[in-house]
Amino acid sequence: MTSGVGPRGGSPAHRFYSVVVFVVLASLDNVAIGLVPPLYGPISESFDVPVSALGLVTALSFLVSAVASVAWAYVGDRTNRKPLLVAGTLLWAAGTGGSAFAGGLGAGYAGFVVAQIVAAVGLGAVGSVGFSVVTDLISPRRRGLVMSFWGLSQGIGTLAGTLVAGLLGSVDWRRPFLVLTVVGLAATAAYLFTYDIRRGASQPELAGVLSAGGDYDYRIGRADLPKIVGRRSNVWLILQGLTAQAAFGSLVWLPVLFQQRALDQGYSTPTAIVVGSVFATLFQLGGVFSIVGGLVGDALQRRTPRGRAVVASVGILAAVPFYVVLFFVPIRIDVPDGAGGGAVIAAVLRSVVSEPTVGLSFLAAVLALALTSANSPNWFALIADVNPPEHRGTVYSLGNLVNGVGRAAGNGLVGVVFAMLRGAFPPPLNYAVGLAAFQLFFVPTGIMYWLASRTTPRDISDVHHLLTDRAARGKPAATGRSAEGAPDR
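These numbers were taken from a predicted model, which means no experiment stands behind them.

> Which residues make up a nonpolar patch on the surface, and what values go with them?
Residues F322, V325, L360, L363 and L367 make up a contiguous nonpolar surface patch of roughly 370 Å² in combined accessible area. Contributing elements (two or more residues each) for the nonpolar patch: helix 14 (307-328) and helix 16 (356-372). With three residues, helix 16 is the single largest residue contributor to the nonpolar patch. Locating L367 in the fold gives a position in helix 16.

> Report on the nonpolar core, specifying residues and quantitative values.
F112, Y323 and F327 are the most contacted members of the largest nonpolar core, which totals 109 residues. Ranked by residue count, the leading element in this core is helix 5 (residues 108-135), at ten residues. In this structure Y323 touches F248, L251, A368, L369, T372, Q439 and F442, once residues within four positions along its chain are discounted. Formed by seven residues, the second largest nonpolar core is a distinct cluster that contains L210, Y216, Y218 and V463.

> Explain the pattern of salt bridges to me, using residue names and the numbers behind them.
Inspection of the entire model under this criterion finds five salt bridges. The partner of R308 in a salt bridge is D298, and the shortest N-O contact between them spans 2.5 Å. In this pair, R308 sits in helix 14 while D298 sits in helix 13 (residues 290-303), placing the two residues ten residues apart along the sequence. An identical accessibility class is assigned to R308 and D298; each is buried. A salt bridge links E390 to R470, with the nearest nitrogen and oxygen atoms 3.1 Å apart. One end of the pair, E390, is in the loop between helix 17 (375-385) and helix 18 (392-421); the other, R470, is in helix 20 (residues 442-473), and 80 residues separate them in sequence. Under the relative-accessibility criterion, E390 is labelled buried at 0%. Judged by relative accessible area, which is 1%, R470 ranks as buried. Three or more residues joined by partner-sharing salt bridges are found here, namely D298, R308 and D385.

Rules and cut-offs
- Residues numbered from 1 in each chain as written.
- Predicted model: local features only at pLDDT ≥ 70, side-chain atom pairs only at ≥ 80, totals over all residues.
- Heavy atoms only, no water.
- Patch = residues over 30% accessible without salt bridge, like charges linked within 9 Å, V, L, I, M, F, W, Y side chains within 5 Å.
- Areas by Shrake-Rupley, 256 points an atom, 1.4 Å probe, with all protein chains shown as cover.
- Salt bridge = Lys/Arg side-chain N within 4 Å of Asp/Glu carboxyl O.
- Helix = DSSP H or I, 4+ residues; strand = E, 2+ residues; numbered from the N terminus.
- Core = buried A, V, L, I, M, F, W, Y, C linked by side-chain atoms within 4.5 Å.
- Buried < 20%, exposed > 50% of the residue type's maximum accessible area, 1.4 Å probe, protein only.
- Contact = heavy atoms within 4.5 Å.

This is the structure we're talking about:
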């Protein structure tokens with residue numbers, strides 16, 4: 001630890017503004033992720049490539065973003081995080097705009113792929129470095145609740161991307177990309193007015209040192225990496241993402257399932273795109289219950305250090321049957337063909353109460369998403385609980401890397417599965433069967449969370465003792481040195 005001249009930090013209003021900017025940016029990067037899948041049809045026609053080629057682009061973007069986040073996070077755990085977030089936001093805005101111009105300027109499919117990769121590199125910074133910053137704002141007692149808003153903002157971003165793509169892109173697929181580019185540039189400007197949040201500021205063990213003007217100078221080093229991987233809770237928390245995201249990755253095809261149902265009932269392609277986007281958005285509203293999952297995780301964690309992991313395990317396993325109901329219950333779509341987005345939205349909302357099968361599907365979707373949404377806030381909180389401040393961004397990014405591999409596999413392979421099933425199950429049934437099969441990946445995810453619940457008590461205790469010891473001894477730690485190799489170890 002080193003001492004400064006006094007306590008630093010923004011005013012309450014400045015802190016609130018900074019938190020809002022971080023949460024909004026976490027939402028916007030998921031808007032970018034959600035834009036492409038609802039527009040697979042018109043984009044594939046524009047570039048004269050099969051829809052499966054667009055699915056592979058999305059899968060590649062997930063993977064590139066996950067790999068890039070590791071590098072962004074490691075640098076962020078060693079240096080000033082604010083410039084990295086600004087650079088990352090500019091990159092994804094440039095890539096998003098380039099995706100639209102690839103079609104308008106005749107760059108073709110290859111140009112679109114390159115632009116999406118550039119955007120993915122920038123997105124890696126927003127998630128991993130932003131997570132490190134946000135955990136420094138949240139006390140351990142409320143991590144589940146506050147991280148539920150962080151996760152919810154990302155879920156809302158994905159829904160917004162789906163909806164914006166359907167409403168703005170049904171006639172011209174380039175428009176939503178151009179609109180999001182402008183929003184991304186505005187967000188970059190907003191970043192410039194946030195203040196630098198102090199590393200470790202949320203830890204009660206460090207409160208005395210930091211309030212006296214000291215700094216938490218420990219930074220990650222290469223010697224820490226084997227010990228990060230050797231921490232048993234990290235192993236389960238990272239690996240669960242491989243199977244969880246295979247299931248979640250398949251769900252980006254949910255708009256396509258409802259598009260196919262609309263086409264099967266005789267609607268034109270533009271109307272079917274809007275219908276698919278609206279239904280998929282409506283049916284994913286259960287994600288707002290991540291707040292409940294965070295609250296339950298916080299409450300149970302105060303009773304037992306196994307609490308958060310147990311809540312995530314039970315929620316994931318209990319959701320599987322409800323997903324199966326969602327995919328297989330037939331729904332009757334009754335909207336005016338060729339109508340505008342507002343008319344379609346109104347018709348879909350009416351159908352929830354007027355059409356029993358739509359109402360049943362909506363209930364199944366809300367329950368499924370509500371249960372699986374317990375995963376997100378408790379995973380975020382557990383990463384912070386079992387790791388010291390200088391490790392959190394890197395551990396998050398390693399988890400995000402595995403998440404990206406799982407999500408890419410789920411998103412890419414499910415498209416191949418749909419094609420293979422087409423011979424036995426004509427559309428839209430092939431989509432329902434394929435999506436249901438991929439939800440079985442949630443079973444090993446739930447088991448790994450249960451195993452994590454058995455290791456987190458010791459790891460949480462170790463972090464508490466480490467930070468308490470550092471605060472009590474107050475020894476300087478050279479920036480850039482391994483925390484594990486610092487003098488107190």
